[in-house]
Every structure is written in structure tokens, then in C-alpha cells.
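Structural description and commentary
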Amino acid sequence: MAKLFRAVIMGPPGSGKGTISERIAQRFGLTRLSSGDFIRENIAANTDAGVLAKTYIERGLLVPDHVMTRLLLPRLEEMTRHSWLMDGFPRTLAQAEALNSTCDLDLVISLNIPYETLKERLSDRWIHPASGRVYNMGFNPPHVQGRDDISGEPLIQQDDDKPEALVARLRHYKDVAKPIIDLYKSKGILHTFSGTETDRIWPYINSLLSTKIPSTSQTDTQCIPMP
Ligand SMILES: Nc1ccn([C@H]2C[C@H](O)[C@@H](COP(=O)(O)OP(=O)(O)OP(=O)(O)O)O2)c(=O)n1
Ligand SMILES: Nc1nc2c(ncn2[C@@H]2O[C@H](COP(=O)(O)OP(=O)(O)O)[C@@H](O)[C@H]2O)c(=O)[nH]1
């Protein structure tokens, strides 16, 4: 069977994971998997795991490992014939180990963005809570100010994105991401990209992926066979 391509994108809040994974999905036709979107879908559909996850998110807590793995791993197991890029999972070493036992990753992208840049971006980040669509008033503003492009519903700013919450989130990210990054480094699949602008980082990511996966003009291709 043709080889499939599996990748993970990691980085602190505001580092551009969502923005860059959207570009990768478009350019290379991978299925983009976002754990945040997946949680939101499960909450909307009232699944057992969704109801449970909601009780944590409402209190501003991370969803525990066993709930996250119960939500995500069966979904990944269904994707045996698909190439994918995952954003937002694993978020802890336990999640990384669970992922390890389910599939072999080909590549991990880690984004390394200065604190001041994260702070500026997040203070300008507006989201459409129901879909998770993300805007930035300078970088990618909505067509109509304060409104989601697709639904026309109001956009909000998350309390989590305020500078006072960011310091704690960043510290938390650094603590939990370090062992995950070390794990992927030791496997030889980690690629780190540093910078302050997505548009300047993107060409490097694009050329790395071009050596690993064929590009496609189709945006709905689910499965990219490797030569
Ligand atoms: N492995 C994961 C992934 C997500 N979540 C939770 C944390 C958030 O409250 C919610 C939504 O996740 P997103 O990744 O969409 O959003 P964040 O705001 O946490 O991420 P970032 O700021 O990095 O974009 O799900 C979690 O507990 N564990
Ligand atoms: N000014 C600016 N904003 C950016 C850039 N790249 C992404 N953003 C915005 O910064 C915010 C964080 O990006 P996002 O992709 O949500 O990051 P994530 O939290 O890692 O998923 C969003 O509002 C993006 O629109 C950039 O190069 N410059």
C-alpha cells in the first residue's frame, strides 16, 4: 500500500498553528485535524466525551488526557487511508505516548515565536466561538468588522488571549511541551521554525514539505499516496 503522511504541528498559543495548518492543508491536500474543532463538534453533538470535555473547558481547564485520547484516537484509527496534519494534540507527554502507540508520525513542526509577537497577535485575535474560525484585525480581518465571514454572527475575544492570561499559558506550554519536543527530537522527526511573521516562516515550511509530499491544487483531497 502507498505510504501515507502523518504530521503534527506544535507551538505556543498564538504561534500560528491554525493559520499555518490551514495553508498546509490547502497546498498539500492533507486532511487538517484540529483537536479544538473536534472537541467543539463533540460538544455540539452531545456525545459522552463531548459532555465531559465541556465541563472542563467551561472552567477554563485543559481536558484531561484520558478524555482527549478517548475523543481523538478512535478518529485517527478510522483514518487509516488518509494523510493528515494534527493541530492541538498531543498537548501532554501522556497524549504523545498514546498517539505513538496508535500511529507512526512522519514529521513534527514546532513553531518558536517571541513572546512580544504572541502578545500582540493574541490581543488582536477575534474568534467565532461556534466554528473556531480565527481572525486578526491586522493580518486577516473579517469582511465586516466584528462579524464572522460565513455565518455573520458576532466575533468575540477570549479572556484567555488577554496579556494577563498569556504569561501563565506560555509558562504552561513551555513546561508541558518540552518533554514532547524532546521525544520527537530523539525520534529525528522534529523541525523547528522561528520568526515573527507567518509569511516569512511559510516558505521554509513549504519547501520542507515539498520534499516530503507532492503538492496538489485540490483542496479536498483526503489521501496523498507517497511514491
Ligand atoms: N489536547 C487538547 C486540545 C484542546 N484542549 C482544549 C483547550 C481549549 O480550551 C479548547 C480549544 O482548543 P483550541 O486548540 O481550539 O484553542 P486554544 O485557545 O487552546 O489554542 P491556541 O490558543 O493555541 O490556538 O480545547 C485541550 O484541553 N486539550
Ligand atoms: N500580525 C500577524 N498576525 C498573525 C500572523 N500569523 C497569524 N496571525 C494571527 O495571530 C493569531 C494567532 O494565530 P493562530 O493561527 O490562531 O495561532 P494558534 O493559536 O497557534 O493556532 C490569529 O489571530 C492569526 O490571524 C502574522 O504573521 N502576523
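Residues numbered from 1 in each chain as written. Chains lettered and ligands numbered in written order. Predicted model: local features only at pLDDT ≥ 70, side-chain atom pairs only at ≥ 80, totals over all residues. Heavy atoms only, no water.

1. Side note on the environment of Lys187
Structurally, Lys187 is set in the loop between α7 (163–186) and β7 (190–194). Residues Lys187 and Asp106, 81 residues apart in the sequence, show an inter-C-alpha distance of 9.8 Å. (Helix = DSSP H or I, 4+ residues; strand = E, 2+ residues; numbered from the N terminus.)

2. Points about the site of ligand 2
Close to ligand 2 lie 17 residues; Gly14, Lys17, Thr19, Asn140 and Thr198 are nearest. At a separation of 2.9 Å, an oxygen atom of ligand 2 approaches a polar backbone atom of Gly18. Between ligand 2 and Arg125, the relevant distance is 2.8 Å, taken from an oxygen atom to a side-chain nitrogen or oxygen of the residue. Taking 580 Å² as the accessible area of ligand 2 by itself, protein coverage stands at 88%. At the level of secondary structure, the elements contributing two or more residues to the shell around ligand 2 comprise α1 (17–28) and β6 (133–136). Partitioned by chemical class, the residues of the shell around ligand 2 number five nonpolar, eight polar and four charged. (Near = heavy atom within 4 Å. Polar contact = N/O pair within 3.5 Å; in protein donor to acceptor, adjacent residues only side chain to side chain. Areas by Shrake-Rupley, 256 points an atom, 1.4 Å probe, with all protein chains shown as cover. Nonpolar A, V, L, I, M, F, W, Y, C, P; charged D, E, K, R; others polar.)

3. Re the site of ligand 1
Taken together, the neighbourhood of ligand 1 is formed by 15 residues, with Lys17, Val63, Gly88, Arg125 and Arg169 sitting nearest. One of the side-chain N or O atoms of Arg91 is found 2.9 Å from an oxygen atom in ligand 1. Within the side chain of Arg169, an N or O atom sits 2.8 Å from an oxygen atom of ligand 1. Tallied by class, residues from the shell around ligand 1 come to six nonpolar, four polar and five charged.

4. A closer look at the packing of aromatic side chains
Counted by the stated rule, this structure contains zero aromatic pairs. Looking at Arg27, its charged tip hangs above the ring of Phe28, at a distance of 5.2 Å from the centre. Sitting over the face of the ring of Tyr56, Arg59 holds its NZ or CZ atom 5.2 Å from the ring centroid. (Phe/Tyr/Trp six-rings, centres within 6.5 Å; stacked < 30°, edge-to-face > 60°. Lys NZ or Arg CZ within 6 Å of the ring centre and 35° of its normal.)

5. Notes on the pairing of strand β5 (residues 125–128)
Across four bridges, β5 lies against β6 in antiparallel orientation. For Arg125, the partnering residue across the bridge sits in β6 and is Asn136. What sits between β5 and β6 in their antiparallel hairpin is a turn of four residues, with Gly132 showing a positive phi close to 80°. (Pairing = 2+ DSSP bridges.)

6. Description of the pattern of salt bridges
Overall, the coordinates contain 12 salt bridges when judged by the stated rule. One salt bridge connects Asp160 with Arg169, and the closest N-O pair in it is separated by 3.7 Å. Take Asp160: its relative accessible area is 39%, and that puts it in the partly exposed class. Between Asp161 and Arg169 there is a salt bridge whose closest N-O contact spans 3.0 Å. (Salt bridge = Lys/Arg side-chain N within 4 Å of Asp/Glu carboxyl O. Buried < 20%, exposed > 50% of the residue type's maximum accessible area, 1.4 Å probe, protein only.)

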